[in-house]
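Below, each chain spelled out in residue letters.
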Amino acid sequence: MNAPVTSDLGVTNIVIAGLGGQGVLKASDILVDAIFPTGLEVKKSEVHGMSQRGGSVCSDIRFGRQVFSPMVPPGEADYLLVLAPDQVEVNRHLLKPDGVLIAPDSVDINRLPNKKALNVALLGRLSRYLEMIPLDNWRQALQRNFPPDLHAGNEQAFEFGRNS
Amino acid sequence: MNDTQRLLLSGDEAIALGALHSGVQLGAGYPGTPSTEILEYFSELGGNAQWSPNEKVALEVAIGAAFGGGRALATMKHVGLNVAADPLFTAAYTGVSGGLVIISADDPGMASSQNEQDNRHYAVAAGVPMLEPSDSQEAYDFTRAAYELSERFHIPVMLRVTTRVCHSKTAVTPRPPLPPSQPHFTRDIKSRVMIPAYARPAHVKLRAKLKEIEQFNESSPLNVEIRGGSELGIISSGISYMHAREAAPGASFLKLSTTYPLPLQKIAAFARSVKRCVVVEEGDPYLVDAIRAAGVAVEGKPEMYRFGELNVARVRRILAGDTSPEPPKPAGKPPQLCDACPYRLVFQVIRKMDLIVAGDIGCYTLGVLSPFEAMDTCVCMGAAITVGLGLRKVLPPEQARRVISVIGDSTFVHSGITGVVDMAYNRPPTGHVVVILDNYTTAMTGRQEHPGTGRLLNHEPARKLVIEDICRAAGVDRVYVVEPRAGSDEFETRLRECLDSGETAVIVARRPCILLLKDLKKLEITNQPQNQSQAACECSCNQ
Ligand code: SF4
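Residues numbered from 1 in each chain as written. Chains lettered and ligands numbered in written order. Predicted model: local features only at pLDDT ≥ 70, side-chain atom pairs only at ≥ 80, totals over all residues. Heavy atoms only, no water.

S.K.: I'd like a rundown of the site of the ligand, residues and numbers included.
M.R.: Taken together, Arg 53 of chain A together with Leu 337, Cys 338, Cys 341, Cys 363, Asn 439, Ala 443, Cys 513, Ile 514 and Leu 515 of chain B make up the full set of residues near the ligand. Mapping the residues near the ligand onto chains gives chains A and B. Taken together, the residues of the shell around the ligand sort by class into eight nonpolar, one polar and one charged. (Near = heavy atom within 4 Å. Nonpolar A, V, L, I, M, F, W, Y, C, P; charged D, E, K, R; others polar.)

S.K.: Quick rundown of the packing of aromatic side chains? Include the residues and the values.
M.R.: All names here are of chain A. Tallied over the full model, the rule gives six aromatic pairs over all chains. Relative to Tyr 129, the ring of Tyr 79 has its centre 5.6 Å away and its plane inclined at 50°; by these criteria the two rings are tilted. You can see Tyr 79 sitting in strand β4 (residues 77-82) and its partner Tyr 129 sitting in the loop between α3 (118-127) and α4 (135-145), a full 50 residues away along the chain. Since its relative accessible area comes to 32%, Tyr 129 is described here as partly exposed. Taken together, a centroid distance of 5.3 Å and an interplanar angle of 40° make the contact between Trp 138 and Phe 158 tilted. With Trp 138 in helix α4 and Phe 158 in helix α5 (residues 151-163), the pair connects residues that are 20 residues apart, well separated along the chain. (Phe/Tyr/Trp six-rings, centres within 6.5 Å; stacked < 30°, edge-to-face > 60°. Helix = DSSP H or I, 4+ residues; strand = E, 2+ residues; numbered from the N terminus. Buried < 20%, exposed > 50% of the residue type's maximum accessible area, 1.4 Å probe, protein only.)

S.K.: Outline the interface of chain B and chain A, listing residues and values.
M.R.: Each partner contributes to the interface: chain B provides 44 residues, whereas chain A provides 34 residues. When chain B packs against chain A, close to 3300 Å² is buried across both sides, 60% of that on carbon and sulfur atoms. Inspection of the region where chain B meets chain A yields three salt bridges. In this structure, the salt-bridge partner of Arg 316 of chain B is Glu 76 of chain A, at a minimum N-O distance of 3.0 Å. On inspection of chain B and its partner chain A, the count reaches 12 residue pairs in polar contact (both at pLDDT 80 or more). Going through the elements one at a time, β1 (7-10), β8 (168-172), α11 (238-247) and α14 (312-320) of chain B are the ones with two or more residues in the side of chain B that touches chain A. Here the side of chain B that touches chain A takes five residues from α11 of chain B, the largest share from any one element. When grouped by side-chain class, the residues that make up the side of chain B that touches chain A number 20 nonpolar, 11 polar and 13 charged. As judged from the two bridges shared by strand β2 (residues 41-46) of chain A and β8 of chain B, these two strands associate in the antiparallel manner. Bridged to Ser 45 of chain A within β8 of chain B is Ser 168 of chain B. (Contact = heavy atoms within 4.5 Å. Buried area = accessible area lost by both parts, 1.4 Å probe. Salt bridge = Lys/Arg side-chain N within 4 Å of Asp/Glu carboxyl O. Polar contact = N/O pair within 3.5 Å; in protein donor to acceptor, adjacent residues only side chain to side chain. Pairing = 2+ DSSP bridges.)

S.K.: Residues and numbers for the sheet that holds strand β10 (residues 232-237) of chain B, please.
M.R.: Residue and element names in this part refer to chain B. The four strands lie next to each other as β9-β11-β10-β13, forming an open sheet whose pairing is mixed. Each of the sheet's edge strands pairs with one partner strand only, and the pair in question is β9 (224-226) and β13 (276-280). With direction set aside, neighbouring strand axes in the sheet form an average angle of 15°. Direction of pairing for β10 relative to strand β11 (residues 252-256): parallel, over a ladder of five bridges. Directly across from Ile 234, in β11, lies its bridge partner Phe 253. Contacts between helix α12 (residues 264-272) and the sheet are confined to β9, β10, β11 and β13, with β11 contributing the most and set at about 165° to the helix. (Axes fitted to C-alpha atoms, helices over the stretch in contact; angles between N-to-C directions.)

S.K.: An account of the environment of Leu 81 of chain B is requested, with residue identities and associated values reported.
M.R.: All names here are of chain B. With respect to the helices and strands, Leu 81 occurs in helix α4 (residues 78-83). The class of Leu 81 is buried, set by a relative accessible area of 0%. Residue contacts for Leu 81: discarding those within four places in its chain leaves Met 76, Leu 88, Ile 102, Ser 104, Asn 119, Tyr 122 and Met 158.

S.K.: Please set out the nonpolar core residue by residue, giving values where relevant.
M.R.: Residues and elements named next belong to chain B. Judged by nonpolar contacts, the single largest core of 99 residues is most densely connected at Leu 59, Leu 73, Leu 100, Ile 234, Ile 235 and Val 298. Here the element with the most residues in this core is helix α7 (residues 136-153); it accounts for eight residues. Within the second largest apolar cluster, 53 residues are counted, among which are Ile 404, Leu 437, Phe 491 and Ile 507. (Core = buried A, V, L, I, M, F, W, Y, C linked by side-chain atoms within 4.5 Å.)

S.K.: Lay out the pattern of salt bridges in plain terms, naming residues and giving numbers.
M.R.: Where charged atoms of side chains with opposite charge meet at close range, the side chains can pair. Counted according to the given criterion, the structure contains 42 salt bridges over all chains. Residues joined in a network through salt bridges with shared partners are Asp 106, Asp 118, Arg 120, Glu 132, Arg 160 and Glu 281 of chain B.

S.K.: Help me get a handle on α14 of chain B, residues and values and all.
M.R.: Side chains three or four residues apart in an α-helix point the same way, a direct result of the helix having 3.6 residues per turn. All names here are of chain B. Of all the nine residues making up α14, seven are buried; the element is thus mostly covered by neighbouring parts of the structure. Within α14, the full set of buried residues consists of Val 312, Ala 313, Arg 314, Val 315, Arg 317, Ile 318 and Leu 319. Where α14 is buried, its residues contact β10, α11 and β13. Its side-chain oxygen at 3.1 Å from the backbone nitrogen of Ala 313, Asn 311 defines the N-terminal cap of α14. Count one or two residues on from α14 and you reach Gly 321, which has phi positive near 65°.

S.K.: Lay out the packing of helix α18 (residues 409-425) of chain B against helix α19 (residues 467-474) of chain B with the relevant residues and their values.
M.R.: All names here are of chain B. Remark: α18 packs on α19, axes separated minimally by 9 Å, with the N-to-C direction vectors making an angle of 20°. With respect to their mutual orientation, α18 and α19 come out roughly parallel. For α18 against α19, the interelement crossing comes out right-handed. When α18 is examined against α19, the residues Asp 409, Phe 412, Ile 417, Val 420, Val 421 and Ala 424 are found in contact with a partner set consisting of Ile 467, Ile 470, Cys 471 and Ala 474. For the contact of α18 with α19, the class distribution of residues is nine nonpolar, no polar and one charged. (Parallel < 35°, antiparallel > 145°, perpendicular 65-115°, else oblique. Left-handed = near helix turned anticlockwise from the far one by under 90°.)

S.K.: Describe the confidence of the model for chain B, with residues and values.
M.R.: Here chain B averages 94 in pLDDT, and 96% of its residues register 70 or above. The low-confidence segment residues 530-543 of chain B (pLDDT under 50) makes 15 contacts with residues lying over four places distant or belonging to another chain. (pLDDT = per-residue confidence, 0-100.)

S.K.: Help me get a handle on the side chain of Asp 284 of chain B, residues and values and all.
M.R.: Residues and elements named next belong to chain B. Tracing the backbone through its elements, the reader meets Asp 284 in the loop between β13 and α13 (286-293). A distance of 2.8 Å separates the side chain of Asp 284 from the side chain of His 121, its partner in a polar contact. Looking at Asp 284, its side chain comes within polar contact range of the side chain of Arg 306, at 3.3 Å. Other than its neighbours up to four places away in sequence, Asp 284 contacts Asp 118, Arg 120, His 121 and Arg 306.

Encoded structure:
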């Protein structure tokens, strides 16, 4: 029923999911910040409120030449980035059949210098697929979204994810 | 701010910027998801913003500002407009001298609300014009348009947004700001004092104004027609338009932005221009009913799509007339009280004592979930106390004695105070016990200030409302302050004592929200009491 519809407007659909407190919203902020300067139209949508209290959180990011709805239709996500292992199954229906799943086990968590930066490490991993976003955009987006004392750590986490 | 710069803003941020660029002199509101960030961002941008004790107060303050010729903004979520409905309906009669815009942030699908009411009905019921943006650019533009409309017709204007507009980020290109208005009071008793003699003509005047605005809306550039094929025409508004545009790329569209009063001639002309005309809207069948009532034949959506949010997939189904059961969404993990939340202990005790608990709106509503399951009712802000009183008054005495009310500090200020007054005044025969969970903040919506924190919206110091003093002054028999702590049975002992006393009692269980702790240290270091009397007050009240 939910046959993926390839958009002729070249829309890329990304869903970031996890539990409240894991940095889902932060990761999606960084992602849209990295996309925005490319000049492509980008929309990000999320539901928060109760989200800080450990419940499921999900953020949709869509970009392309023209984007209408800010929500990724179920079964049409090109990339699904999940921060909590037990949220993978909950969100799998969002991914299209040939979509890419990026889960915590996509990187070797034990080698991650700071486990709190898992969200950024997985973004690093995602960045390998998103060639239209220059590396410089990512760096600047990271810097804009963290206070200076966290820049180095997050840059490290990003590189770690990008190279794993 | 560079005005030619493209910005990536959430709908809430765009409204705040739109208000700032409209020269708004005062923004007032009560935090409520998804509207909370509007005033926070407005304040960050340098706007004059304040949290009011509740939405009614916020709107009334804003009305006053607009009576004085200023431009004012009142922000709230959909259920907040219920609280502010009283002034809203009469402000439509009185009109305003300056500009007044009221935000209703609706929550279809109830991401964090207790109902999914569709506040478009409020615009119709109160008789205030309404604009509905569908993305951040429109949120910005329509905020400005709303002030223009308000000042042109001297009427409050409602800007109705939904969760997906508030919390989606899309690009915004701002325009040069307007200079602020020059507030000045001009006496106009007949317009502003709604005794029946003045209100009767005011109602007639309002209806005439709305007719005029309807004509104005007929040619408003905000209502856009996008010509595609003539087989299928779609009439839509707000975020539904975005879903529909994607779901049916080949169709023709009438995107309505002025959704009250409706430009019915334009709608009729559009409907005639296509073979099949479908109204795609989220929530109640507001548009379709109004359009049909005007004698225009259009298709609506099947009843099943009245519930929850729309998305592209659901709009495709609506257009296909598909009413087969929708694939069930896998259940996510519900939110829970934080692991170290001070109120876990309170709920453990309440659970253990097997009480009948009238609860309220806040983080602590999560006390309803396992392992506590310690909440039996939750209706609306403030209802914990009053619903508890009602239970106490009708239940047989052995059950009545087990009833308690549980309410948070921010909610207490919002609409719990009058409940406590009622408790002391119309005292139930078995007495009653109210537990106020004071965590020093409005935790649920992201830790906003309120009068009881002693800090303003921007965290600057303010006079502090002392909850226990209010309760004493209301005439409650017993008022205690305890700190719920692991290893201390003080809360439990007090609770039993109060329940056994048969008197009216308030127990303030006071301990900061753990997410606030870090900020609290910072805030308290920078916020020394303003003057002697404030210092003295703090001492005597801090137990
Ligand atoms: S945010 Fe604060 S009040 Fe809410 S559950 Fe967590 S610790 Fe408790």
